Amino acid sequence: RIHDLSLQGYEPVHEVINHQLKAGGKRIRPTLALISASFKSSDWEPINWENLVDAASAIEMIHMASLVHDDIIDQATTRRGKETINQKWGNLTAVLAGDYLFSSAFNLLTARKNYPVLLSVSNAIQLMCEGEINQAAQTYNYRQTEENYLDNIYKKTACLFAASCQAGAITALLPAEHVRSIHRFGLYLGYAYQILDDILDLIGDPNELGKPVGSDLARGILTLPVLRLLQDEQQGAWLRPILDRQQITAEEIALTVTRLADSDAFLYSLDRVFQMFDAACQSIYGLPQVPARLAMWEIAGQLLEKPLLMVEKRLTSLGLTMPLRWKTSNPIYPPQEQFNNKTFTTDYPADYPLDNYVSARQSKYAFSFSGETIG
């Protein structure tokens, strides 16, 4: 659908947009939109699949646009092994390509008169911009808190995951309580995905990541593992003067990773990933037992499984034990509804509250934050 829409433009437009489209990706956001709509009961009004496909396409174009603009901000030269638009055609073309994708998404939703989804994704774009501005203002700021970090990744990542799920649910005219539960699923999955991505940025394989290890830290972006390290009195005393310089060398990044491994920073951050994953799965547990519910659990597990295996491999090389185990049964999920006969092992009670806050009461690390704070 996106390819067809790009053909409506002049040849240079088609070439640039098609270049970004061919860069690939998991297409996780439109997939979430499509699956979310599938919670619809057979005795309700049939789904308008053309509206749904256009809503999912609009979501993906918004994501593509954000990546194009991110590459300009980061001065990235490659993405997924291909030249970025800014590298191939320059920043001027890249800015306009991102704007073109945004406007195409809006046109698609407006033509379908899908105004609720248009409002939802417009709000998500606004939050994404706020997140980028906040992040730029907080570079090298070691006084920021974990709550600041969570607020940033809500705006930069989780809000669009949530809007993607909401788009499918709204387009399918699901009941309000279903929309709310599905929205929460996307929100918590987005948190888990971004925290895990931030861990990988520090310890991943650069060949698999497609970027240098520690690229966020090199730009003064302090992610959860680093913020956790700064809470340690001794380690914080070592790192703060480096951050005060507002410049960090490759050697200092490598030493920071070593110190992160010597502390509990990586395991603490992984604990957050598991909490968010668990919250995502539980948020739709009360929905009808239709294939879509199992599909949502499966896609959540598949999205996190590969990066978790990458993290486990690296942590093992650093002498750390991964706090994740697969098992064949879990009281949270009925046996017939496990994904791939596996579930994430969690230590959290099945009834812990999700409406107003996440509280991992049986976690090694005490953790809670306001649901209102994260949207």
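Each remark here, short or long, concerns the structure printed above.
Presented here is a report on the structure given in the accompanying data block. All of these numbers come straight from a predicted model, not from anything done at the bench. (Residues numbered from 1 in each chain as written. Predicted model: local features only at pLDDT ≥ 70, side-chain atom pairs only at ≥ 80, totals over all residues. Heavy atoms only, no water.)

1. Remarks on the overall build of the protein
Of the regular secondary structure elements, the protein holds 16 helices and 6 strands. Every one of the 375 residues in the protein was classed for burial, and the buried ones make up 55%. Sequence-distant contacts in the protein: of pairs separated by 6 or more residues, those separated by 24 or more amount to 70%. About 16900 Å² of surface is accessible on the protein, with carbon and sulfur atoms providing 50% of the total. (Helix = DSSP H or I, 4+ residues; strand = E, 2+ residues; numbered from the N terminus. Buried < 20%, exposed > 50% of the residue type's maximum accessible area, 1.4 Å probe, protein only. Contact = heavy atoms within 4.5 Å. Areas by Shrake-Rupley, 256 points an atom, 1.4 Å probe, with all protein chains shown as cover.)

2. Thoughts on the pattern of salt bridges
Applying the stated criterion to the full structure yields 12 salt bridges. A salt bridge links E50 to R112; the shortest N-O distance between them is 3.5 Å. Of this pair, E50 sits in helix 4 (residues 49-74) while R112 sits in the loop between helix 6 (91-111) and helix 7 (115-137), and the two are 62 residues apart along the sequence. Accessibility expressed as a relative area gives 53% for E50, which makes it exposed. Salt-bridge contacts for D151 lead to K155; the nearest nitrogen and oxygen are separated by 3.3 Å. Here K155 and D151 lie together in helix 8 (residues 146-171), a separation of 4 residues that amounts to about one turn. An identical accessibility class is assigned to D151 and K155; each is buried. Each of E50, D54 and R112 takes part in one network of salt bridges that share partners. (Salt bridge = Lys/Arg side-chain N within 4 Å of Asp/Glu carboxyl O.)

3. Some thoughts on the environment of A124
Relative to the elements of secondary structure, A124 occurs in helix 7. Residue class for A124 comes out buried when judged on its relative accessible area of 2%. Note: C-alpha distance between A124 and Y154 (30 residues apart in sequence) is 9.8 Å. Apart from the residues lying within four places of it in its own chain, the contact partners of A124 are C159, L160 and A163.

4. As for the packing of aromatic side chains
Within this structure, the stated rule accounts for 2 aromatic pairs. A centroid spacing of 5.5 Å and a plane angle of 40 degrees characterise the contact between F161 and Y193, whose relative ring orientation is tilted. Of the two residues, F161 is situated in helix 8 and Y193 in helix 9 (residues 176-203); the sequence distance between them amounts to 32 residues. Side by side, F161 and Y193 carry an identical accessibility label, which is buried. With a centroid separation of 6.2 Å and an interplanar angle of 25 degrees, the aromatic rings of Y285 and W297 are classed as stacked. (Phe/Tyr/Trp six-rings, centres within 6.5 Å; stacked < 30°, edge-to-face > 60°.)

5. Section: a nonpolar patch on the surface
Taken together, L34, W49 and V53 make up a surface patch of nonpolar side chains, about 270 Å² in accessible area. Structurally, L34 can be placed in helix 3 (residues 28-37). By relative accessible area, L34 is classed as partly exposed at 33%. (Patch = residues over 30% accessible without salt bridge, like charges linked within 9 Å, V, L, I, M, F, W, Y side chains within 5 Å.)

6. A few points about helix 9
Compared with an ideal rise of 1.5 Å per residue, which puts 28 residues at 40 Å, helix 9 spans 41 Å between its outermost C-alpha atoms and is within 8% of the ideal. The buried count for helix 9 comes to 23 of 28 residues, which makes it a mostly enclosed element. (Expected span 1.5 Å × (residues − 1).)

7. Looking at the environment of V290
Among the secondary structure elements, V290 is positioned in the loop between helix 15 (265-283) and helix 16 (291-317). Taking the relative accessible area as the measure of exposure, V290 reaches 23% and is therefore partly exposed.

8. What about the nonpolar core?
Membership of the largest hydrophobic core comes to 106 residues, with the highest contact counts inside it found for L32, I182, F185, Y191, I195, F266 and M296. In terms of residue count, the dominant contributor to this core is helix 9 (15 residues). Every residue in contact with I195, bar those within four places of it in the chain, is listed here: Y149, L150, I153, L224, S269, R272, V273 and M276. (Core = buried A, V, L, I, M, F, W, Y, C linked by side-chain atoms within 4.5 Å.)

9. Details of unusual backbone geometry
Although it is not a glycine, Q75 adopts a positive phi angle of roughly 55 degrees. With respect to the helices and strands, the residue Q75 is situated in the loop between helix 4 and strand 1 (78-79). In this structure Q75 comes out as exposed when scored by relative accessible area, which is 67%. Of note in the backbone geometry, L173 takes a positive phi value of approximately 60 degrees without being a glycine.

10. Considering the packing of helix 9 against helix 15
Taken N-terminus to C-terminus, the directions of helix 9 and helix 15 make an angle of 160 degrees; their axes are 8 Å apart at the nearest point. Comparing the axis directions of helix 9 and helix 15 gives the class roughly antiparallel. Classified by chirality, the crossing of helix 15 by helix 9 is left-handed. Contact with helix 9, carried on its side by S181, R184, F185, Y188, L189, Y191, A192, I195, L196, I199, L202 and I203, involves F266, S269, L270, R272, V273, M276, F277, A279, A280, C281 and S283 of helix 15 and no other residues of that element. Taken together, the residues that form the contact of helix 9 with helix 15 break down as 18 nonpolar, 3 polar and 2 charged. (Axes fitted to C-alpha atoms, helices over the stretch in contact; angles between N-to-C directions. Parallel < 35°, antiparallel > 145°, perpendicular 65-115°, else oblique. Left-handed = near helix turned anticlockwise from the far one by under 90°. Nonpolar A, V, L, I, M, F, W, Y, C, P; charged D, E, K, R; others polar.)

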